Amino acid sequence: MNRSRVLRRTAGIGLGALMALVELPYVVLAAPLLAVPAARPRVFRGARRLAEVERARLRRFFDARNGDDYDGRRALQYLVPRSLTGLLALGVWVCVGAGVVAAAIYFVQLVTGQAPGGAGEGAPLDWLPVLGLGAIAVFLCGQGLIGVAALDRRLARRFFGPSGQELLRRRVSELATTRSEVVEAVNGERRRIERDLHDGVQQRLVALGILLGRARRADDPQRAAELVRQAHEESQEALRELREVSWRVYPIALDESGLEAALESLAERATIPVDLRYALDEPSPELATVVYFVVSESVTNAAKHANANKVTIAVRREETKLVAEITDDGCGGARIGSSGGLSGLARRVAAMDGEFSVQSPENGPTIVRVTLPCE
């Protein structure tokens, strides 16, 4: 934690202590008024105003952002423990102030050669107990301020945190966004497959047809044999590209042998060396599919765009999470944009409530990390 943040949080604790001098009297005076139905709305409005001041303080000094979907009753409930926390902070500040005054007095006595307390002349050894107690006091006051700050944030999360209705609304919004992104990602995959078929396999088949037609029309047997040989080579290339496209659509090895075998096959077919480190039980088909396509796209990007010489794939389990990291030693500079392969992968992972990140400084290395919930 840097110095400016420490000073900012210290100032926030001090302001919170002063706020307790307003909040505690308000709670004490407002409690009897709750027995009067006509006075309750005003009491709750006042409590909410004080709570909003507290939210602003926490946001300004502690970078704590809390929800605003709470009513006046909940605000009043918050002010009860908050005022006590403020009094605790005030007590800590009183101790700090007393300690500063005592330290100043002892410093003067030490400089003038007096004994602790000013009773006669002092020796250096006489000050050792004072220094020890002073260090303990500084530690306790520091821990007190840290504890008050943590308690302030915890109370705010408890009373200002999103309600069940707000959590449900956010979840619905997240699912709607994720569904839209998944549809967009699927459409993007379809467009890429169509492009691969049109620019690759289709062109190969056209060339194959032309070669066979020329072979049929050739009068020279040797020329016809050469054209047939070229047609055979072209058919082999067409089959290879068709196989690549089919693997990008869905690798059959995932169903037949599982994720580890599919990744091993991917590593064998890669154009650059791939080091696979697999330490995971077989995940569900949905998770396996996501991991496979993330790894496949990452390896392809490393070979085509990053000029990498080696890729390392690490798939493991961390408690209830499936973690996959793909690291290459390429030129770096990869970014997740609004479109492109990485954005499509991010949408795939988000659809499974996972996390997708890319660390790719200039000159590398690039680390693609996927974290998926795994029961």
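Residues numbered from 1 in each chain as written. Predicted model: local features only at pLDDT ≥ 70, side-chain atom pairs only at ≥ 80, totals over all residues. Heavy atoms only, no water.

1. Focus on the overall build of the protein
Broken down by element type, the protein carries ten helices and five strands. Burial status across the protein gives 35% buried among its 375 residues. Pairs at least 24 apart in sequence give 65% of the contacts found in the protein among residues at least 6 apart. Accessible surface, the protein as shown: approximately 22,200 Å² in total, 58% of it carbon and sulfur. (Helix = DSSP H or I, 4+ residues; strand = E, 2+ residues; numbered from the N terminus. Buried < 20%, exposed > 50% of the residue type's maximum accessible area, 1.4 Å probe, protein only. Contact = heavy atoms within 4.5 Å. Areas by Shrake-Rupley, 256 points an atom, 1.4 Å probe, with all protein chains shown as cover.)

2. Brief notes about the packing of helix α1 (residues 3-33) against helix α3 (residues 72-111)
Where α1 meets α3, the axes come as close as 7 Å, and the angle between the chain directions of the two elements is 125°. Classified by the interaxial angle, the pair formed by α1 and α3 is oblique. Taken as a pair, α1 and α3 cross one another with a handedness that is left-handed. Residues T10, I13, G14, G16, A17, M19, A20, L21, E23, L24, Y26 and V27 of α1 touch α3, and the partners they reach there are L76, L79, V80, R82, S83, G86, L87, A89, L90 and W93. Residues that form the contact of α1 with α3 fall into these classes: 15 nonpolar, five polar and two charged. (Axes fitted to C-alpha atoms, helices over the stretch in contact; angles between N-to-C directions. Parallel < 35°, antiparallel > 145°, perpendicular 65-115°, else oblique. Left-handed = near helix turned anticlockwise from the far one by under 90°. Nonpolar A, V, L, I, M, F, W, Y, C, P; charged D, E, K, R; others polar.)

3. Section: the packing of aromatic side chains
Under the counting rule described, the total for this entry stands at four aromatic pairs. The interplanar angle of 35° and the centroid separation of 4.7 Å between the aromatic rings of Y70 and F160 together place this pair among those described as tilted. Taken as a pair, Y70 in the loop between α2 (40-62) and α3 and F160 in helix α4 (residues 128-160) lie far apart in primary sequence, 90 residues in all. Look at Y70 and you get buried, because its relative accessible area is 8%. Measuring from centroid to centroid gives 4.5 Å for Y78 and F160, while their planes differ by 50°, and the two rings are tilted. Linking Y78 in helix α3 with F160 in helix α4, this pair joins segments that are 82 residues apart in sequence. Across this residue pair, the class does not change: Y78 and F160 are buried. Grouped by ring-pair contacts, the aromatic residues Y70, Y78, F159 and F160 constitute a single cluster. (Phe/Tyr/Trp six-rings, centres within 6.5 Å; stacked < 30°, edge-to-face > 60°.)

4. Quick word on α2
If you check α2, its first and last C-alpha atoms are 32 Å apart, about what 23 residues at 1.5 Å a residue would give, namely 33 Å. Within the span of α2, buried status applies to V43, F44, G46, A47, L50, A51, E54, R55, R57, L58, F61 and F62. As for α2, its buried residues are in contact with α1, α3 and α4. Among the residues trailing α2, D63 stands out with phi positive, at a value near 55°. (Expected span 1.5 Å × (residues − 1).)

5. Notes on α3
Taking 1.5 Å of rise per residue, 40 residues should cover 58 Å, and α3 covers 57 Å from first to last C-alpha, within 8% of that figure. Within α3, the axis deviates most sharply at V80, by approximately 25°, and proline P81 lies no more than four positions further along. Among all positions of α3, only G72, A75, L76, Y78, L79, R82, S83, T85, G86, A89, V92 and Q109 are buried. Structurally, α3 contributes buried residues whose contacts are with α1, α2 and α4. G113 occupies a position one or two residues after α3 and carries a positive phi of about 80°. (Bend = angle between axes of the 7 residues up to and from the residue.)

6. Details of a nonpolar patch on the surface
There is a patch of nonpolar side chains on the surface, built from L15, L18, L21, V22, L84 and L87 and spanning about 510 Å² of accessible area. Those elements that place two or more of their residues in the nonpolar patch are α1 and α3. For the nonpolar patch, the element with the most residues is α1, which contributes four residues. With respect to the helices and strands, the residue L21 is situated in helix α1. (Patch = residues over 30% accessible without salt bridge, like charges linked within 9 Å, V, L, I, M, F, W, Y side chains within 5 Å. Salt bridge = Lys/Arg side-chain N within 4 Å of Asp/Glu carboxyl O.)

7. Quick notes on the pairing of strand β5 (residues 366-373)
Sheet analysis places strand β3 (residues 321-328) next to β5, joined by eight bridges and oriented antiparallel. Bridging across to β5, V323 finds its partner in T371. Pairing between strand β4 (residues 355-359) and β5: five bridges, direction antiparallel. In the sheet register, Q359 faces β5, and the bridge partner there is I367. Between the end of β4 and the start of β5, which pair antiparallel, lie six residues, with N363 showing a positive phi angle near 75°. (Pairing = 2+ DSSP bridges.)

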